[in-house]
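Breakdown of the fold
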Amino acid sequence: MGLKNKFGRWFGKDTSAKENIQETVDNTQEVVGTSIDEEALTDTVSESKEAFETPAETLTENSDTEEIEETEVAENIEKTEETEEIEETTETSDEEPISDEPVKKGFFAKLIGGLEKTRKSFNDKIDSVLSIFSSVDEDLFEELEEALILADVGVATSTYIIERLRQSVKENKIKEPSEIKGEIENIISDILSENDTTLSLETSPSVIMVIGVNGVGKTTSIGKLAAKYTAEGKKVVLGAADTFRAAAIDQLQIWADRSGVDLIKHQEGSDPAAVVFDTIAAAKARKADVIILDTAGRLHNKKNLMDELSKIYRVMERELPNCSRETLLVLDATTGQNAVSQVKIFRESADISGIILTKLDGSARGGIVLAIAHEEKIPVKLVGVGEGIDDLQIFNFSDFAKAMFQE
């Protein structure tokens, strides 16, 4: 809108001004019944007219000045807000330092968080038994055995732990139930230490063959392993030899891209042994340190599974006869005793050297680690304690035993 349109009534002579004054006076007199000084009111209107009878240039300058002032005010507000944000950040940084680097936790710290459900379930069951006894007797041992079974430690392993506990109580002359938990922790640590939990990867290349049923986290574990060894400066090559399951190859490709490693793959339904052959050839050519193979994941036909794994073993023996080799079975911690059944079935077809126990952070059944170690004599070598790419950790039996009882 132009200045003349906006302030048009103040440009030139306004002949209706006096008529408007008279009309205002008449109306006011009618409302209040009081006479009004016409000349005073006329003077007031005249002063108002003079105030608004301003040249266009002056109005433009005033308008520009107002815009500049508004801009400066806006800038001052923004600066004030930025200053307040900086002050708030400074106050926050005293309590929680802000860093672009992710906070890395050690294995024990991750276990404490990952074993929260298992620890609570395990300790609650044991504490509930110890709280109702004032002395150490046979009834206490029986109640503790039942509590261990309910904590997914397994019948055979629970019986073994209680037998060891009886001996320890007798040898150390323990009289107070409150001293029992420390003895159980020592026994658990001893059970886990009976098996070698280290991964054998001395040669270049070394081979890690990963097996497990669908849905236990096999592909995810392979991806996290690839990321782990890549972060350690090793060259990793993946082989998509689980050609039976739909979309298994595509999922592994996603993890390979995420971890920055090479993936050797064939079409879905291809011969797994042929994929293994090509993966080994590629690893040799590229001077890889570690080969990770995603292999069979089905149990509905054990003969086919056995034949498939036997063929893969023959290829590895022929192409890499003296290489370090690990065959890791992936188990879901949330399945409890069903995990032990999977171990029994898979070991009929494969020479299992270790266990990857996944989803430990989402389960209260971490006691299954003891059942596998004691009954099947197979060590848990890796545990998943979170969803992060670095949350697949090398298993430490001593830290695990401590974390089970950490208050």
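Residues numbered from 1 in each chain as written. Predicted model: local features only at pLDDT ≥ 70, side-chain atom pairs only at ≥ 80, totals over all residues. Heavy atoms only, no water.

Contact geometry of helix H6 (residues 116-130) with helix H16 (residues 397-405) gives a least axis separation of 8 Å together with a crossing angle of 60°. When the interaxial angle is binned, H6 and H16 end up oblique. Between H6, through Thr 118, Arg 119, Phe 122, Asn 123 and Ile 126, and H16, the contact on the second element is made entirely by Ala 403, Met 404 and Phe 405. Of the residues that constitute the contact of H6 with H16, the class distribution is 5 nonpolar, 2 polar and 1 charged. (Axes fitted to C-alpha atoms, helices over the stretch in contact; angles between N-to-C directions. Helix = DSSP H or I, 4+ residues; strand = E, 2+ residues; numbered from the N terminus. Parallel < 35°, antiparallel > 145°, perpendicular 65-115°, else oblique. Contact = heavy atoms within 4.5 Å. Nonpolar A, V, L, I, M, F, W, Y, C, P; charged D, E, K, R; others polar.)

Looking now at the pairing of strand E5 (residues 325-332). Extensive coverage of E5 is indicated by the burial of 7 of its 8 residues. Note: strand E1 (residues 206-211) against E5, 5 bridges, orientation parallel. The residue bridging Val 207 from the neighbouring strand is Arg 325, located in E5. (Buried < 20%, exposed > 50% of the residue type's maximum accessible area, 1.4 Å probe, protein only. Pairing = 2+ DSSP bridges.)

Attention now moves to the confidence of the model for the chain. Summing up the model confidence of the chain, the mean pLDDT is 76 and the portion of residues at 70 or higher is 70%. In this model, residues 1-21 is a region of pLDDT below 50 whose contacts with residues beyond four sequence positions or in other chains number 17 contacts. In the predicted structure, residues 27-42 sits below a pLDDT of 50 and forms 11 contacts with residues beyond four places in sequence or in another chain. (pLDDT = per-residue confidence, 0-100.)

One finds Leu 238 and Ile 292 to be the most contacted residues of the largest nonpolar core, which totals 101 residues. If we skip the residues at most four places from it in the chain, Ile 292 touches Ile 208, Val 210, Ile 222, Leu 225, Ala 226, Val 236, Val 237, Leu 238 and Gly 239. (Core = buried A, V, L, I, M, F, W, Y, C linked by side-chain atoms within 4.5 Å.)

Glancing now at the sheet that holds strand E2 (residues 236-240). With mixed pairing, the 8 strands of this open sheet are ordered in space as E3-E2-E4-E1-E5-E6-E7-E8. Edge positions in the sheet fall to strand E3 (262-264) and strand E8 (392-394), since each of these pairs with one other strand and no more. Looking at each pair of strands side by side, their axes are set apart by 25° on average, direction ignored. Examined bridge by bridge, E2 and strand E4 (residues 290-294) share 5 bridges and lie parallel to one another. The residue of E4 that forms the bridge with Gly 239 is Leu 293. Relative to E2, helix H11 (residues 248-259) is tilted by about 170°, and along the sheet it contacts E2, E3 and E4. The sheet contacts of helix H12 (residues 272-285) involve E2, E3 and E4, and relative to E2 the element is tilted by about 165°.

This part is about the pairing of E4. Of all 5 residues that make up E4, 5 are buried, and the element is covered over most of its length. Neither face of E4 is exposed, since Val 290, Ile 292 and Asp 294 on one face and Ile 291 and Leu 293 on the opposite face are all buried. As paired strands, E1 and E4 are joined by 5 bridges and run parallel to one another. Bridging across to E4, Val 207 finds its partner in Ile 291.

As enumerated under the stated definition, the model contains 1 aromatic pair in all. Seen in terms of ring centroids, Phe 395 and Phe 400 are 5.2 Å apart; in terms of plane orientation they differ by 55°. Their pairing is tilted. Of the two residues examined, Phe 395 and Phe 400, each falls in the buried class. Over the face of the ring belonging to Tyr 229 we find Lys 228, whose NZ or CZ atom lies 5.8 Å from the ring centre. Across the ring face of Trp 255, the terminal group of Arg 258 is positioned such that the distance to the ring centre comes to 4.4 Å. (Phe/Tyr/Trp six-rings, centres within 6.5 Å; stacked < 30°, edge-to-face > 60°. Lys NZ or Arg CZ within 6 Å of the ring centre and 35° of its normal.)

A separate point is unusual backbone geometry. Phi is mostly negative for residues that are not glycine, and the peptide bonds are mostly trans. In the segment running from Ser 204 into Pro 205, the intervening peptide bond is cis, with an omega of 5°. Notably, Lys 173 is not glycine yet its phi reads approximately 50°, a positive angle. Tracing the sequence through the fold places Lys 173 in the loop between helix H8 (155-172) and helix H9 (180-193). What makes Lys 173 exposed here is its relative accessible area of 67%. Positioned with a positive phi, Lys 287 is a non-glycine residue whose angle comes to about 55°.

We now examine the environment of Thr 198. Locating Thr 198 in the fold gives a position in the loop between H9 and E1. Sequence spacing of Thr 198 and Ile 394 is 196 residues, and the spatial spacing of their C-alpha atoms is 7.8 Å. Ignoring sequence-local partners within four residues, the contact set of Thr 198 consists of Glu 326 and Lys 381. Among the polar contacts listed, one links the side chain of Thr 198 to the side chain of Asp 196, at a separation of 2.8 Å. (Polar contact = N/O pair within 3.5 Å; in protein donor to acceptor, adjacent residues only side chain to side chain.)

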